[in-house]
Amino acid sequence: MTTVGVVVGAVAALALIVVVGLVLLARMVGRLSAGTPGTARTDAEAEQARALLEAETTEARAAARRLVESARVEADEVATRLRTRAEEDAARIAAEAERAAERGRVEAERVTERARQESEAAVGKARRESETAVEKARQESEGVLEKARREAERTVAQAQALAEQAAGDVAARARREAEQVVELRSAQLTERLADVEQRLNRLDERERRLGEEAERLAARDRRIAVAEADLEARETEVGEQEVALAEADEERRRELSRIAGLTAEAAKTELVGVIEVQAKREAAVLIRDIEADARNTAEQRARHIVVEAIQRVASEQTAESVVSVLHLPSDEMKGRIIGREGRNIRAFESVTGVNLIIDDTPEAVLLSCFDPVRREIGRVTLEKLVLDGRIHPHRIEEVHDLARYEVEKLCQRAAEDALVEVGITNIHPELVELLGRLRYRTSYGQNVLKHLVETAHIAGLMAAELGLRPELIKRGAFLHDIGKALTHEVEGSHALIGADLARRFGESEEVVHAIEAHHNEVQPQTIEAVLTQASDSCSGGRPGARRESLEVYVKRLERIEEIASGQLGVERVFAMQAGREIRVMVRPDDVDDIGAAVLARDVAKQIEDELTYPGQIRVTVVRESRVSEIAR
C-alpha cells in the first residue's frame, strides 16, 4: 500500500503542476492584454484567448482527475502482482505522465501562437516558464517513479521472505506429523508383535497339551488292548460256564415241573410277578437309603456352598417396573403433547414406535412398548420435549435422534460397567452391544443385566468353594441370558439363541454349552453348565428378586394342587410358602412308607415336566397313622 500511495501522490502532483502552469500562463496573458493598448480586434482576440485558455484549463483538470483515478486503479492492481507487473505498471504510469506533460506543452504552445500577435514577449516568457515547469514536473515524476520501483522491489522481497518462512513452517509441521505417524505405527506394530507372540505361546502350549493327550490316548489304547484280550479269554470261559448252567437249569426246570405239577411258562409268570413286587420294594428301600445317605452329605455341602455364595453377594431386592411413567409439570402439558387435532401424538408414536397413553391420571402419562430399549428412547424423547416446551413434528424427530444416541451411549456404558464389575475381558463388541440392551430388559420384574452380574458373582463364589477356576464359569454364567436381547426379533428359546450368538462371536464350547443347557433344552454335561443352572436359580429364586402377575401365580398353585391330588391314595394337598413347597397328606391304609417316597418322586417329576417356575418346589408327603383306644 506504500507504493500505491507514492504513485498516486506523484501523478496528482504532476497534474497539479500542469494545471498551476496553465493558470499562471492565463494570468500573465491577462495582465499583458490589460496593460497593452490596442484595437478592438486585439481585445476580442485576447478575450477569446482567455476563454479558450479557461476551457483548456478545465479540460486539463478533467484530464488530471482521470489520470489520478486511472493511477489509483492501476496502483491497486500493482499491490497484488509480483515484481515484473509492478515495473510494467510504473512504466505505464510514467508514460501517461509524460504524455500528459506533452499535451500540456502543446496546448501552451498553441495558446502562445494565437496570442503572439498581441504580445510576443509575454508568450515567450510564458513558454519559458511552462517549459521550466514541465521539466521540473518531469524530474519530480522520474524521482517518484524511481522511489515507487524501489518500494515495489522491497515489497516483492518481503513477499518472497514471507513465502519462504511459510514454506519452512509447513515443512516443519509436516515433519512433525510424519514423526508422529511413524511413532503411532511403531506402537501399533509393537502391539501386533506382542499379540502374535502371545498367540504363538498359546499355540505352543496347545501343541504341548495335544502331545500329552496323544500320549495318554496311546497308553489308554494299550491298556484297552490288554483288557480286550483278557475280556475275550473271560468271555470264552463264561460261554463254557453258560452252557453248563443252561444244561443244569434245564434239568432243574424238568425236576421242578415234575414236583410242582406246573408248566414252565406258568411257573415263570408266577415267579416273575413275585420277583417284580419284591424288586420294586427292595429298589424303593435301596433308593430311599441311598438318597438319605446322599442327602445327609450332599445337601449339607450344597447348602454351605449356596449360603456362602449368596451371603457374599449383596444385590438389590426391588424389582423394576415394565412400564414407563413420565410425570408432567401440569395437566396443560397433555394438550400440548396431543397437539392440534392430535398431530403431535401421532407424530410421536410414528417416529418412536411407542404407544403414548394419556388418561385422567393427574400430571402423568404412560408409555407402552414391547421393546424396552425403544420404550426408554421414547421416554427420554418425551422428557426432553416437555423440558424444552417446543412440541411439533419436526422437533420430535430431532429430539428422538438425540435421545436414541443418548440411550445407546447409556447401554454401552452399562455393559462396560457390568463387564468391569464381574472381571470379564476380551469379549466381542457385538456381544457388548447386546449386553447393553439388557439394561432395559426385565424378567418377572427383575432387571436382566443385574441378574447376569449377580449370577456371575454367585457362580464364581461356588466355583471357588469347589476349588475350580472361576473365570470360565463366571463367563458362562454372565452370558447365559444373552439371548433375551433378541427374543422379540428371533424366534426360539433364549437359551438356544444365546448359544448360537456366543458360538458365532467366538466363545468357547464350554461357555456355549453352559448357555444352551441352563434351562435343560440340552442336558448339562459339564460342571460349568451345572453351576450356571444353580447360580441362575439362586439369583432368580431368592426372595424379592422376581414377581409375577396374580393370575399366573394362582394358576400355577392350582395346577400344583391338581397334580398332587390326582395321585392314588392322596387325601389332601396344601400349597405353601407362595408355591415353593407342597404338602401331600396320604391315607396310611392305602400308601405305605415306600409308596410315600415313590409318590413324592412322581409328583416332583410331573411338576418339572408340566410347569415353568423360578427357583425350586419342595414336595413333602405326610403319612400319619393314629391308633386310639378308650379305657373304661
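Look a little higher up for the structure.
Given the structure is predicted, the values throughout are model-derived calculations rather than measurements.

This part is about the overall build of the chain. Broken down by element type, the chain carries 17 helices and eight strands. Here the chain, with 632 residues, has 33% of them falling under the buried criterion. In the chain, once contacts between residues fewer than 6 apart in sequence are set aside, the share between residues at least 24 apart is 64%.

Attention now goes to the layout of surface pockets. The space that makes up the second largest pocket amounts to roughly 860 Å³. Along its surface, the second largest pocket is lined by 19 residues, and Arg202, Arg206, Arg209, Leu472 and Ser508 are the ones closest to its centre. Every element with two or more residues in the lining of the second largest pocket is listed here: helix H4 (120-260) and helix H12 (470-478). In terms of residues, the lining of the second largest pocket owes the most to one element, H4, which gives eight residues. For the lining of the second largest pocket, a count of residues per class yields four nonpolar, five polar and 10 charged.

In this model, helix H17 (residues 593-610) (18 residues) spans 26 Å end to end at C-alpha, consistent with the 26 Å of a helix rising 1.5 Å per residue. Listing the buried residues of H17 in full gives Ile594, Ala596, Leu599, Ala600, Val603 and Ile607.

Spatially, the three strands line up as an open sheet ordered E6-E7-E8, and their pairing is mixed. The sheet is open, and its two borders are formed by strand E6 (570-576) and strand E8 (618-623), each paired with just one other strand. With direction set aside, neighbouring strand axes in the sheet form an average angle of 20°. Sheet analysis places E6 next to strand E7 (residues 581-586), joined by six bridges and oriented antiparallel.

A few words now on the nonpolar core. Of all hydrophobic cores here, the largest spans 31 residues; its most connected members are Leu419, Ile427, Leu434, Leu435, Leu438, Phe478 and Leu479. Secondary structure elements with two or more residues in this core: helix H9 (393-422), helix H10 (429-437), helix H11 (448-465), H12, helix H13 (494-504) and helix H14 (509-516). When neighbours within four sequence positions are excluded, Ile427 is seen to be in contact with Leu419, Val432, Leu435, Arg475, Leu479 and Glu507.

When strand E1 (residues 324-327) meets strand E3 (residues 364-368), the two strands line up antiparallel, connected through four bridges. In the strand pairing of E3, Val325 is matched with Leu366. Where strand E2 (residues 355-357) and E3 come together, three bridges link them in antiparallel fashion. Bridge pairing links Leu356 to Leu367 in E3. Where E2 folds back on E3, the antiparallel hairpin that results is connected by six residues, among which Glu363 adopts a positive phi of roughly 55°.

With that out of the way, let us pick up the pattern of salt bridges. Under the definition given, this model contains 26 salt bridges. For Glu205, the salt bridge is made with Arg208, and the minimal N-O distance between the two is 2.1 Å. Of this pair, Glu205 and Arg208 both sit in helix H4, separated by three residues, roughly a single helical turn. Glu205 gets classed as partly exposed once you look at its relative accessible area, which sits at 29%. Through salt bridges with shared partners, a single network forms among Glu205, Arg208, Arg209 and Glu212.

What counts, and at which threshold
- Residues numbered from 1 in each chain as written.
- Predicted model: local features only at pLDDT ≥ 70, side-chain atom pairs only at ≥ 80, totals over all residues.
- Heavy atoms only, no water.
- Helix = DSSP H or I, 4+ residues; strand = E, 2+ residues; numbered from the N terminus.
- Buried < 20%, exposed > 50% of the residue type's maximum accessible area, 1.4 Å probe, protein only.
- Contact = heavy atoms within 4.5 Å.
- 1 Å grid on protein atoms, 1.4 Å probe; cavity = no way out; pocket = protein on both sides within 12 Å on 5 of 7 lines; lining within 4 Å.
- Points joined across faces, edges and corners; volume = space filled by probe spheres on them.
- Nonpolar A, V, L, I, M, F, W, Y, C, P; charged D, E, K, R; others polar.
- Expected span 1.5 Å × (residues − 1).
- Pairing = 2+ DSSP bridges.
- Axes fitted to C-alpha atoms, helices over the stretch in contact; angles between N-to-C directions.
- Core = buried A, V, L, I, M, F, W, Y, C linked by side-chain atoms within 4.5 Å.
- Salt bridge = Lys/Arg side-chain N within 4 Å of Asp/Glu carboxyl O.

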